[in-house]
Amino acid sequence: MTGRTQATAEARFMRGETGVDGATGKEELDPEIVEQAKAKEALYRGRAWLGRECLCWILMKSESSDALCTVDKQPLRVVFTGKILLRAGAGEVTEVAAKGVSAPYSGIVRFALKRNLLVHGAHLQLTHGEQTFEVTLDAERFDFRAGKLPALLAEGDEGEELVERLELVSRLGRCVDALIEQFIKVRVGPTWQRTVVPELKAWFNEEK
Amino acid sequence: MPIRKGTVSCSRFRIEGTVPKDVKKWLTKTLKQGAFEPIDPKGDEDRAAGFVELEDDRATNFSAGALFEGMYALFAWRVEKIRMPASTIRAELGEWAKKFEEKNGRNPGRKEKADQKDLIRKGLRSKTPPVSSVSDLSYELTSGELLVWASSTGIVEEVQAVLESGLGVRLIPRVPASFVSPSVLDSLGPTPALFEASGVKS
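Residues numbered from 1 in each chain as written. Chains lettered and ligands numbered in written order. Predicted model: local features only at pLDDT ≥ 70, side-chain atom pairs only at ≥ 80, totals over all residues.

For the overall build of chain A, give the residues involved together with the corresponding values.
The secondary structure content of chain A amounts to six helices and six strands. When its helices and strands are written in sequence order, chain A yields α-α-α-β-β-β-α-β-β-β-α-α. In terms of overall dimensions, chain A is more spread out than a globule: its C-alpha atoms have a radius of gyration of 25 Å, far above the 17 Å expected for 208 residues. A principal-axis box enclosing the C-alpha atoms of chain A has dimensions of 80 × 50 × 35 Å. Across chain A, contacts joining residues at least 24 apart in sequence account for 55% of those joining residues at least 6 apart. (Helix = DSSP H or I, 4+ residues; strand = E, 2+ residues; numbered from the N terminus. Rg over C-alpha atoms; globule rule 2.2 N^0.38 Å. Contact = placed C-beta atoms within 7 Å.)

Which residues make up the confidence of the model for chain B, and what values go with them?
Note: predicted coordinates in regions of low pLDDT should not be interpreted at a detailed level. Summary statistics for chain B give a mean pLDDT of 91 and a share of 97% for residues scoring 70 or more. The complex prediction reports pTM at 0.85, with the ipTM value standing at 0.85. (pLDDT = per-residue confidence, 0-100.)

Could you give an account of the environment of B:Glu164, with specific residues and numbers?
Relative to the helices and strands, B:Glu164 is located in helix H5 (residues 153-167). With residues up to four places along the chain from it excluded, the contact list for B:Glu164 reads B:Val169, B:Arg170 and B:Leu171.

I'd like a description of the interface of chain A and chain B, backed by residues and values.
Accessible area lost during the coming together of the parts is what is often quoted as the interface size. At the junction of the two partners, chain A supplies 41 residues and chain B supplies 32 residues. Those elements that place two or more of their residues in the side of chain A that touches chain B are helix H2 (31-44), helix H3 (48-62), strand E6 (144-148), helix H5 (158-187) and helix H6 (191-205) of chain A. Among the elements that line the side of chain A that touches chain B, the one with the most residues is H5(A), at twelve residues. Considered class by class, the residues forming the side of chain A that touches chain B number 21 nonpolar, nine polar and eleven charged. Where E6(A) meets strand E1 (residues 8-16) of chain B, two bridges bridge the pair, whose relative direction is antiparallel. Counted as the bridge partner of A:Gly147 is B:Val8 from E1(B). (Nonpolar A, V, L, I, M, F, W, Y, C, P; charged D, E, K, R; others polar. Pairing = 2+ DSSP bridges.)

Could you give me a rundown of the pairing of E6(A), with the residues and numbers involved?
All names here are of chain A. The sheet contact formed by strand E5 (residues 131-138) and E6 spans two bridges and is antiparallel. Considered in E6, the bridge of Thr136 is made with Arg145. The hairpin turn running from E5 into E6, its antiparallel successor, is five residues long, and Phe142 in that turn takes a positive phi close to 50 degrees.

Quick one: what's the story with the domain arrangement of chain B, residue by residue and with numbers?
Split into domains, chain B comes out as domain 1 (11-82 + 131-175) and domain 2 (86-126). Each of domain 1 of chain B and domain 2 of chain B has a C-alpha centre, and these two points are 41 Å apart. (Domains from an automatic or database assignment.)

Pulling in residues and values, what's your account of helix H3 (residues 86-104) of chain B?
All names here are of chain B. Here H3 contains 19 residues, and its C-alpha end-to-end distance of 26 Å stays within 8% of the 27 Å for a straight helix at 1.5 Å per residue. A small share of H3 lies buried, amounting to zero of its 19 residues. Positive phi shows up at Gly105, right after H3, with a value of about 70 degrees. (Expected span 1.5 Å × (residues − 1). Buried ≥ 20, exposed ≤ 12 C-beta atoms within 10 Å, placed from the backbone.)

Before we move on, could you go through the pairing of strand E4 (residues 72-81) of chain B and cite the residues and values that matter?
All names here are of chain B. Summarising burial for E4: nine of the ten residues are buried, a large majority. Examined bridge by bridge, strand E2 (residues 47-53) and E4 share seven bridges and lie antiparallel to one another. Directly across from Arg47, in E4, lies its bridge partner Lys81. Where strand E3 (residues 68-69) and E4 come together, two bridges link them in antiparallel fashion. In the sheet register, Phe68 faces E4, and the bridge partner there is Ala73.

Structure (structure tokens):
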């Protein structure tokens with residue numbers, strides 16, 4: 001060992017970076033443990049578990065063509081369409097993504113739901129009265145992503161166009177809020193554990 | 001501009017706290033306090049951020065005509081950054097180290113290298129133009145809902161913190177948890193039957 005290499009090794013030892021045998025002492029973390037820890041952290045971050053329960057409930061309710069609620073005295077219908085992302089807080093598989101127009105209602109997605117992978121992200125089509133909106137939501141932040149609005153009536157007038165667009169975004173917000181409110185009413189009520197959870201589990205188990 | 005056209009991507013907040021009657025004064029004061037100031041070319045900062053007018057990302061007057069459109073207050077958050085490519089700094093430092101060795105017959109020390117790196121950074125900084133990005137914001141006066149039209153979580157959180165401290169209110173994200181009272185929320189946890197495999201036990 002040259003003088004310089006020896007000095008470097010000694011300095012690293014003095015800083016506590018290496019042991020007497022020159023090894024770093026840092027154990028390689030098991031990738032599975034790392035992945036499980038990340039999945040669990042993501043489940044609790046921002047109370048994503050509540051958002052996942054909410055999206056699962058809306059998914060089950062949306063299978064029927066009935067309106068889920070009324071917003072501004074107009075019925076609100078919801079359909080999940082396109083890509084859906086499911087996540088678990090632990091287990092062999094922590095994430096599953098399914099793509100296809102009716103993928104959210106498919107047997108594969110229900111198979112995953114049955115195995116405790118809940119909806120973490122989904123693309124929703126909301127029909128409010130006669131107008132249709134689309135938006136992608138995620139369970140942690142419920143931010144609007146890739147949102148599509150109905151055609152504007154004030155096209156051409158820049159100022160009016162902007163206000164109309166903002167009003168439509170605001171309406172989309174009221175629709176999403178109404179869905180969350182419906183879910184929360186059920187979630188904190190006495191029927192959640194007794195009726196709704198068994199209903200959800202039965203829906204996950206339905207053969208498609 | 002995403003607020004004007006294209007698909008909608010935004011984070012939604014509800015304002016919690018007292019909103020004064022004179023909303024214009026309240027908002028303008030905060031926006032002016034946090035107004036954007038460009039990076040000082042002679043300074044050391046590599047990043048600057050602040051509020052600008054929606055229509056002109058160099059204007060920070062926030063006159064009523066520029067700030068309000070119908071029942072909405074519209075403004076933007078501008079971020080300016082100087083990004084110096086690490087590979088360029090590394091290459092220039094390597095070249096200097098080679099010359100240093102030829103001249104002095106030894107490798108440069110750690111401090112000499114750090115000093116030279118600082119010099120290279122300063123030299124490059126004056127030659128690198130800043131890159132700026134603008135995220136729109138809209139505040140609906142009637143409902144008190146604030147939208148941050150940005151996809152980056154970092155930007156959303158930065159704007160949230162600046163507005164909360166400037167306006168003296170809390171910005172509550174529109175997530176399911178915010179629809180439950182804090183006392184009820186504390187008593188809630190993941191439903192065991194739905195999260196069995198996630199280690200959640202009844």
